[in-house]
Amino acid sequence: MQVSRRHLIKSTVAAAGAAVLPLSSRGTACYPPGSNPHYAKFDEILTQPVFKRELFPNPVLIETLELLHYKDSYLCRIRSKDGAEGISVGNTFQLDSLYPFFVRRLQPFFIGKDARDLEHLLEASTV
């Protein structure tokens, strides 16, 4: 039996719909964000700070924020005024198009800020 492209697409869509149908018909309760009792422990964990600021008594002021590119990989290198350095791997699929955003918005925003406030800076940079 020879299968046409149209028949293959129709059967694939029908199979996907049949697989998803039992999941979509479940009568699950809808909770407002942050009030699901099943996630109470996760919500508690998310309110705790990740960065232990007490380990760094002196400010760590960001002096440079650079985007390094080699072949298909990107690295973000951050240096503080006292010489501390941090490196983060970038998302290679999006950085080609986001480079102007990095140069115009992220670099000016983070330079001169205290790296110990990184959690708050990340929230403020997305607004």
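Residues numbered from 1 in each chain as written. Predicted model: local features only at pLDDT ≥ 70, side-chain atom pairs only at ≥ 80, totals over all residues. Heavy atoms only, no water.

1. Description of the sheet that holds strand S1 (residues 62-70)
Moving on, step 1. An order of S1-S2-S3 is seen for the three strands of this open sheet, with the pairing classed as antiparallel. Of all the strands in the sheet, just S1 and strand S3 (85-89) have a single pairing partner and so form its edges. The sheet shows a mean angle of 20° between the axes of neighbouring strands, taken without regard to direction.
Moving on, step 2. Here strand S2 (residues 73-80) runs beside S3; their pairing, made up of five bridges, is antiparallel. Looking at S3, one finds that Ile78 is bridged to Gly86. (Pairing = 2+ DSSP bridges. Helix = DSSP H or I, 4+ residues; strand = E, 2+ residues; numbered from the N terminus. Axes fitted to C-alpha atoms, helices over the stretch in contact; angles between N-to-C directions.)

2. Examining the side chain of Arg116
Moving on, step 1. By secondary structure assignment, the location of Arg116 is in the loop between helix H3 (95-110) and helix H4 (118-125).
Moving on, step 2. By relative accessible area, which is 12% here, Arg116 ends up buried. (Buried < 20%, exposed > 50% of the residue type's maximum accessible area, 1.4 Å probe, protein only.)

3. Brief notes about the environment of His69
Moving on, step 1. When you line up the elements, His69 lands in strand S1.
Moving on, step 2. Considered as a pair, His69 and Thr92 are 23 residues apart in the sequence and their alpha carbons are 9.5 Å apart.

4. Some words on the layout of surface pockets
Moving on, step 1. In this structure, the largest pocket occupies an estimated 780 Å³ of space.
Moving on, step 2. For the lining of the largest pocket, the secondary-structure elements that each account for two or more residues are S1, S2, S3, H3 and H4.
Moving on, step 3. Among the elements that make up the lining of the largest pocket, the one with the highest residue count is H3 (six residues).
Moving on, step 4. The residue inventory of the lining of the largest pocket, partitioned by class, reads 20 nonpolar, six polar and three charged. (1 Å grid on protein atoms, 1.4 Å probe; cavity = no way out; pocket = protein on both sides within 12 Å on 5 of 7 lines; lining within 4 Å. Points joined across faces, edges and corners; volume = space filled by probe spheres on them. Nonpolar A, V, L, I, M, F, W, Y, C, P; charged D, E, K, R; others polar.)

5. What to know about the nonpolar core
Moving on, step 1. Residues Ile62, Leu65, Leu67, Tyr74, Cys76, Phe102, Phe110 and Leu121 constitute the largest nonpolar core, which totals eight residues.
Moving on, step 2. Breaking this core down by element, the ones donating at least two residues are S1, S2 and H3.
Moving on, step 3. With three residues, S1 is the largest single contributor of residues to this core. (Core = buried A, V, L, I, M, F, W, Y, C linked by side-chain atoms within 4.5 Å.)

6. Notes on a nonpolar patch on the surface
Moving on, step 1. Together, Tyr39, Phe42 and Ile45 make up a nonpolar patch on the protein surface, roughly 320 Å² of accessible area in all.
Moving on, step 2. Locating Ile45 in the fold gives a position in helix H2 (residues 40-47).
Moving on, step 3. Here Ile45 falls in the partly exposed class, since its relative accessible area comes to 43%. (Patch = residues over 30% accessible without salt bridge, like charges linked within 9 Å, V, L, I, M, F, W, Y side chains within 5 Å. Areas by Shrake-Rupley, 256 points an atom, 1.4 Å probe, with all protein chains shown as cover. Salt bridge = Lys/Arg side-chain N within 4 Å of Asp/Glu carboxyl O.)

7. Digging into the confidence of the model for the protein chain
Moving on, step 1. With 70% of its residues at a pLDDT of 70 or more, the protein chain has an overall mean of 77.
Moving on, step 2. S1 holds the highest mean pLDDT among the elements of the protein chain, 89, whereas helix H1 (residues 5-24) holds the lowest, 60. (pLDDT = per-residue confidence, 0-100.)

8. Some remarks on the pattern of salt bridges
Moving on, step 1. Inspection of every chain in the model, using the stated rule, returns five salt bridges.
Moving on, step 2. Asp114 is paired through a salt bridge with Arg53; the nearest N and O atoms lie 3.7 Å apart. Pair noted here: Asp114 is in the loop between H3 and H4 and Arg53 is in the loop between H2 and S1, with a separation of 61 residues, a long-range link.
Moving on, step 3. On the accessibility criterion, Asp114 (12% relative accessible area) is buried.
Moving on, step 4. In this structure, Arg79 engages Glu85 in a salt bridge whose closest nitrogen and oxygen atoms are separated by 2.8 Å.
Moving on, step 5. Judged by relative accessible area, Glu85 falls into the partly exposed class, the value being 46%.
Moving on, step 6. Residues joined by salt bridges that share partners form a network here, namely Arg53, Asp114, Arg116 and Asp117.

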